[in-house]
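One-letter residues, chain by chain:
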2 protein chains.
Amino acid sequence: MEPKLLTDLLIPATTKIVFIIMDGVGGIQMEGKGGTELQVARKPNLDQLAEISSCGLLDPVSPGITPGSGPSHFALFGYDPFQFNIGRGILEATGIDFPLTEKDVVARVNFATIDQDGKVTDRRAGRISNETNARVCRKLKESLRLNREVEVIVEPVKEHRAILVLRGEGLRGEVEDTDPEQEGVPPLEPKASIPEARGTADLVRDFVTQSRKILADESKANMVLLRGFAKYSRYPTMKERYGLNSLAIASYPMYRGISRLVGMTVLASVSSLEEEFKALAAHFADYDFFFLHIKQTDSRGEDGNFDGKVAVIEEVDRFLPQVRVLRPDVLVVTGDHATPAKMRSHSWHPFPVLLHSPYCLIDPVKKFDEVNCIGGLLGKMPSVQLMPLVLAHAGRLGKFGA
Amino acid sequence: MEPKLLTDLLIPATTKIVFIIMDGVGGIQMEGKGGTELQVARKPNLDQLAEISSCGLLDPVSPGITPGSGPSHFALFGYDPFQFNIGRGILEATGIDFPLTEKDVVARVNFATIDQDGKVTDRRAGRISNETNARVCRKLKESLRLNREVEVIVEPVKEHRAILVLRGEGLRGEVEDTDPEQEGVPPLEPKASIPEARGTADLVRDFVTQSRKILADESKANMVLLRGFAKYSRYPTMKERYGLNSLAIASYPMYRGISRLVGMTVLASVSSLEEEFKALAAHFADYDFFFLHIKQTDSRGEDGNFDGKVAVIEEVDRFLPQVRVLRPDVLVVTGDHATPAKMRSHSWHPFPVLLHSPYCLIDPVKKFDEVNCIGGLLGKMPSVQLMPLVLAHAGRLGKFGA
């Protein structure tokens, strides 16, 4: 469904939509555990909801493709993840609420340690403290002198991570990573991946050379590694595309950043599941669309902590009645991708989705897990196809054709 | 998923992938038999494997479309069957290991019998012997005199089949078949299907006219029927697209030819199922990807021999433990299309697939057949989507996006 076509079909409504997104909720069976994380979790509220919902499986991007957090969330919000494949630098920048402009090329910076031969000995500079990070960024800011009409901004994010922003006319994002993604080798040379980006690559080379000199007396953070170059461009907002006033409730910066990119209002700070669910109730009158993001399922999966991930799912299950009582017109519970504890990483596997509304067609699925949801009405579909279904169930889409 | 994008995501790995392809394995229920060929076959090893795999159904090209062997195999290897729709002539040429160049237009030749009125009385010239075929090809070669700077090659294949290769600058493949595909009518005139191919069509007309004169004294092979004109162009290889060193184990020339087109190493000659499975074990250390092709399922289907096809499936089932013991990282068992014995021909029906790996999400399917695999995790998908999933399960694809 073309976004333009969808926008043309929009009709005014006051209905409310809630997305409960358990990051990396999908899993695979793990030996000795008796199933996937969702199969093993005791989750009476989720299962009871599945029983009166339309269920299915989502392919985050395309079968076999393991997505990063950017593409997987963009797809959930109905934005084509191939068209809107944002760079890591932009994700980081939005995560710290850095105000990007359309003149900016952004990259993620890792402060790193190199030895006297210039080889990387620690890609994360021993995870320097936030204070050291801020000090080193200030030092760069004070001493860097690039020879063009370009503003250079280095902003700390957290530990060894920062962002580099080059702001000026005619800059291009097509510059290759300098992070070699391994230790024992020197950083890569900044290279333009298309001829039009050569000027920008030269500028990056100059930045790297100067930074190395400026940081030479640092014991740990004596080098910068750059990756995920991209030019920022404004994205169409949820309001523009769907007519939705949207609120993001997320405890991790990156997800607040993604939400901001699509024009959501972002709740300042929530730090526990309990606070997130309370915030949903507190702001329920004020928005049309609510994105409640739960990071812990993904974190436990990345740690290979099967039981820990099960426990998070069970905790979310206990909060579910607090959402039901708000009586949203459409309630979606799903993930953004799978992070099987068995694999300790994001994966390509499809993961379950349930869509509940007074107008959903109820299917035979009675358990909210990967294996049972195969038999659901929604079938297996790319995540990007979810949003039109949600808008329809929310009474926000008119008829197509006469 | 764009092939370019997939290639960009490749990461180095030493994992091994095995495709067991039972040609035409899919079927439909046949009266008095109690099900489809796969439902009726006793195949304990395949069913046990299905029980610990992801299962589904493949649409060979697109719902309702019956494919030839070219598109159905290209799709299995992840090549878009519409983009890479190769001509029959090229298939035949690669099947006899004929070294094509990018100056070549190729067509399949059927030697045929015509009567004194020029009407076709036998489209296969009574299936002349290979010796007669070779003699007739030599005769053409010695006497043909075309009036342009174009080399003309006629190479015998088998029985009544040969290939015509026109080699020269500026030739085009857009020439229509001269084979009327029925008897009792004259051959069709060679016609260009686009204006740019008129020169080539004229050349073909000259070839046909001369061939008819040269062969006038033959009792059976006194005419040539041409079909499947196509210009040869080199295809991207499995190595280029997926980083895979691939081995094809196939007893039939056409499948060896298809494998060669996508850059596989082709095992010289194997003539029985037993030899094929032995060859897989013998070469297992030397390649990343193994295509083991079983022709007999299709042959029995084409013969309308339901029980014979069941017997081939059962025989393959008995060889399966010899594959399992090699412990490939990804094992796929499927077909290339359906050849229901009830229809005695290729068909458009979807057919089952199973994908086994330590990282597959296990679904509830416990029987490897058309009807049970509907309930599998992979759902029903076009064959061309299989390869990205296979690469993912083999740990050969990195993350998409930040």
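It should be emphasised that the depicted structure is a prediction, and the values quoted were computed from it without experimental measurement. (Residues numbered from 1 in each chain as written. Chains lettered and ligands numbered in written order. Predicted model: local features only at pLDDT ≥ 70, side-chain atom pairs only at ≥ 80, totals over all residues. Heavy atoms only, no water.)

K.L.:
Would you explain the overall build of chain A in this entry?
P.N.:
Looking only at helices and strands, one finds 14 helices and 13 strands in chain A. The C-alpha atoms of chain A give 23 Å as radius of gyration, which agrees with the globular expectation for 402 residues (21 Å, within 12%). Dimensions of chain A, computed from C-alpha atoms along their principal axes, come out at roughly 65 × 55 × 35 Å. When burial is assessed residue by residue, chain A has 59% of its 402 residues classed as buried. For chain A, long-range pairs separated by at least 24 residues make up 73% of all intrachain contacts whose partners lie at least 6 apart in sequence. As displayed, chain A has an accessible area near 16,000 Å², and 48% of this comes from carbon and sulfur atoms. Taking the average location of the 49 positive side-chain charges in chain A and that of its 53 negative ones, the two points are 1 Å from each other. (Helix = DSSP H or I, 4+ residues; strand = E, 2+ residues; numbered from the N terminus. Rg over C-alpha atoms; globule rule 2.2 N^0.38 Å. Buried < 20%, exposed > 50% of the residue type's maximum accessible area, 1.4 Å probe, protein only. Contact = heavy atoms within 4.5 Å. Areas by Shrake-Rupley, 256 points an atom, 1.4 Å probe, with all protein chains shown as cover. Lys, Arg positive; Asp, Glu negative; His and termini not counted. Charge placed at Lys NZ, Arg CZ, Asp CG, Glu CD.)

K.L.:
Would you mind showing me how to read the environment of K158 of chain B here?
P.N.:
Residues and elements named next belong to chain B. Considering the arrangement of structural elements, one finds K158 in strand β5 (residues 151-158). K158 sits in the partly exposed class, given a relative accessible area of 45%. Taking C-alpha positions, K158 is 5.5 Å from N130, a pair spaced 28 residues apart along the chain. Ignoring sequence-local partners within four residues, the contact set of K158 consists of N130 and N133.

K.L.:
Help me out: how do you make sense of a nonpolar patch on the surface in this one?
P.N.:
Taken together, M1, L5 and F400 of chain A make up a surface patch of nonpolar side chains, about 350 Å² in accessible area. Structurally, F400 of chain A can be placed in the segment after α14 (386-393). (Patch = residues over 30% accessible without salt bridge, like charges linked within 9 Å, V, L, I, M, F, W, Y side chains within 5 Å. Salt bridge = Lys/Arg side-chain N within 4 Å of Asp/Glu carboxyl O.)

K.L.:
Teacher, can you tell me more about the sheet that holds strand β13 (residues 379-382) of chain A here?
P.N.:
Two strands in a sheet stick together by hydrogen bonds in their backbones, pointing the same way (parallel) or opposite ways (antiparallel). Residues and elements named next belong to chain A. Taken together, eight strands build an open sheet; the order of strands is β9-β8-β10-β1-β11-β12-β2-β13 and the sheet is mixed. For this open sheet the edge positions go to β9 (265-266) and β13, each flanked by a neighbour on one side alone. Bridging between strand β1 (residues 17-22) and strand β11 (residues 330-334) involves five bridges; their strand directions are parallel. If you follow I17 over to β11, its bridge partner there is V330. The strands that helix α10 (residues 273-282) touches are β1, β8 (246-250) and β10 (289-294); relative to β10, the one it contacts most, it runs at about 175°. Across the face of the sheet, α14 comes into contact with β1, β2 (54-59), β10, β11, β12 (351-356) and β13 while running at roughly 15° to β12. (Pairing = 2+ DSSP bridges. Axes fitted to C-alpha atoms, helices over the stretch in contact; angles between N-to-C directions.)

K.L.:
What is the right way to read the interface of chain B and chain A from this model?
P.N.:
Interfaces are frequently sized by the accessible area removed from exposure as the parts join. At the junction of the two partners, chain B supplies 27 residues and chain A supplies 33 residues. Across the interface of chain B and chain A, roughly 2,200 Å² is buried in total on both sides, 70% from carbon and sulfur atoms. Three residues, L361, F400 and A402 of chain B, lead the burial of chain B against chain A; their summed loss comes to 34% of the area buried on that side. Seen at the junction of chain B and chain A, the total is zero salt bridges. At the boundary of chain B and chain A, one finds seven residue pairs in polar contact (both at pLDDT 80 or more). Secondary structure elements with two or more residues in the side of chain B that touches chain A: α1 (3-9) and α14 (386-393) of chain B. With four residues, the single largest contributor to the side of chain B that touches chain A is α14 of chain B. Here the residues of the side of chain B that touches chain A are counted per class, giving 18 nonpolar, seven polar and two charged. (Buried area = accessible area lost by both parts, 1.4 Å probe. Polar contact = N/O pair within 3.5 Å; in protein donor to acceptor, adjacent residues only side chain to side chain. Nonpolar A, V, L, I, M, F, W, Y, C, P; charged D, E, K, R; others polar.)

K.L.:
Is there a simple way to explain the relation of the copies chain B and chain A in this structure?
P.N.:
Both copies of the chain are related by one operation, a rotation about an axis with a shift along it. Placing chain B over chain A gives an RMSD of 0.2 Å and needs a rotation angle of 121°, together with 0.0 Å of translation along the axis. Expressed as a symmetry operation, the mapping of one chain copy onto the other fits a three-fold axis. No C-alpha of chain B approaches the rotation axis more nearly than that of G375 of chain B, which lies at 4.0 Å. (Least-squares fit on C-alpha atoms with pLDDT ≥ 70 in both.)

K.L.:
What's the story with the pairing of strand β7 (residues 223-231) of chain B in this structure? I'm lost.
P.N.:
Along a regular strand, successive side chains alternate from one face of the sheet to the other. Residues and elements named next belong to chain B. Burial analysis of β7 places eight of its nine residues in the buried class, which makes it a mostly covered element. Sheet analysis places strand β3 (residues 104-114) next to β7, joined by seven bridges and oriented antiparallel. Note that in β7 the partner of N110 across the bridge is L225.

K.L.:
Help me out: how do you make sense of the pairing of β12 of chain A in this one?
P.N.:
All names here are of chain A. Burial analysis of β12 places six of its six residues in the buried class, which makes it a mostly covered element. When β2 meets β12, the two strands line up antiparallel, connected through five bridges. Bridge pairing in β12 links L58 to F351. For β11 and β12, the ladder comprises three bridges, and the chain directions are antiparallel. Within β12, the position partnered with L331 by the bridge is H356.

K.L.:
Teacher, can you tell me more about unusual backbone geometry here?
P.N.:
With glycine set apart, most residues show a phi of negative sign, and most peptide bonds adopt trans. At R344 of chain A, a position not held by glycine, the phi torsion is positive, near 55°. With respect to the helices, strands and loops of the structure, R344 of chain A is situated in the loop between β11 and β12.

K.L.:
I tried to follow empty space enclosed by the protein on my own but got confused; where do I start?
P.N.:
Over the atoms a probe the size of a water molecule is rolled, and this reveals where empty space is left. The tally for this structure, following the rule as stated, stands at one cavity of 30 Å³ or more. Within this model, the largest cavity holds a volume of roughly 60 Å³. As for the largest cavity, its lining consists of D59, P63, G64, W348, H349, P350 and K380 of chain A together with L377, L378, L389 and H393 of chain B. (1 Å grid on protein atoms, 1.4 Å probe; cavity = no way out; pocket = protein on both sides within 12 Å on 5 of 7 lines; lining within 4 Å. Points joined across faces, edges and corners; volume = space filled by probe spheres on them.)

K.L.:
In this structure, what is going on with the nonpolar core? I would like to understand it.
P.N.:
Grouped together as the largest cluster of nonpolar side chains are 103 residues, with contacts concentrated most on I20 and V333 of chain A together with F77, M238, F289 and L386 of chain B. With residues up to four places along the chain from it excluded, the contact list for L386 of chain B reads F19, L58, L76, V332, V353, L355 and M381 of chain B. Counting residues in each nonpolar core, the second largest holds 53 residues, with F74, A93, V106 and M387 of chain A among its members. (Core = buried A, V, L, I, M, F, W, Y, C linked by side-chain atoms within 4.5 Å.)

K.L.:
Sorry, what's going on with the side chain of S211 of chain B here?
P.N.:
Residues and elements named next belong to chain B. Looking at the element boundaries, S211 is found in helix α7 (residues 198-214). Here the side chain of S211 touches F207 through a polar contact of 2.7 Å, landing on its backbone oxygen. Setting aside residues no more than four positions away along its own chain, S211 makes contact with L140, L144 and V224.

K.L.:
For this particular structure, what's the right way to read helix α5 (residues 88-95) of chain B?
P.N.:
Residues and elements named next belong to chain B. The element α5 is largely enclosed, with a buried count of seven among its eight residues. Looking at the buried side of α5, the elements it contacts are α4 (69-76), β3, β5, β6 (161-167), β7 and α9 (253-261). Just downstream of α5, D97 is the residue with a positive phi angle, here 65°.

K.L.:
Even after reading the chapter, I still don't get the layout of surface pockets, so can you show me in this structure?
P.N.:
Residues and elements named next belong to chain B. Considered as a void within the structure, the second largest pocket measures approximately 800 Å³ in volume. Taken together, 24 residues form the lining of the second largest pocket, with R88, E92, R108, R161 and M254 sitting closest to its centre. Contributions of two or more residues to the lining of the second largest pocket are made by α5, β3, β5, α9 and α11 (296-302). In terms of residues, the lining of the second largest pocket owes the most to one element, α5, which gives four residues. Residues of the lining of the second largest pocket, tallied by class, amount to seven nonpolar, five polar and twelve charged.

K.L.:
Any chance you could explain the packing of aromatic side chains here in plain terms?
P.N.:
Ring pairs (aromatic) are described by centroid distance and by the angle formed between their planes. With the rule as written, the count across this model stands at 27 aromatic pairs over all chains. With centroids separated by 5.6 Å and ring planes inclined at 85°, the aromatic side chains of F74 of chain B and Y79 of chain B adopt a geometry described as edge-to-face. Here F74 of chain B falls in the buried class, since its relative accessible area comes to 0%. In this structure Y79 of chain B comes out as buried when scored by relative accessible area, which is 0%. Through a chain of ring-to-ring contacts, the aromatic side chains of F74, Y79, F84, Y232, Y235 and Y242 of chain A assemble into a single cluster. For the cation-ring pair, R241 of chain B lies above Y79 of chain B, with the distance from its terminal atom to the ring centre recorded as 4.1 Å. (Phe/Tyr/Trp six-rings, centres within 6.5 Å; stacked < 30°, edge-to-face > 60°. Lys NZ or Arg CZ within 6 Å of the ring centre and 35° of its normal.)

Everything listed is a geometric property; what it means functionally is a separate question.
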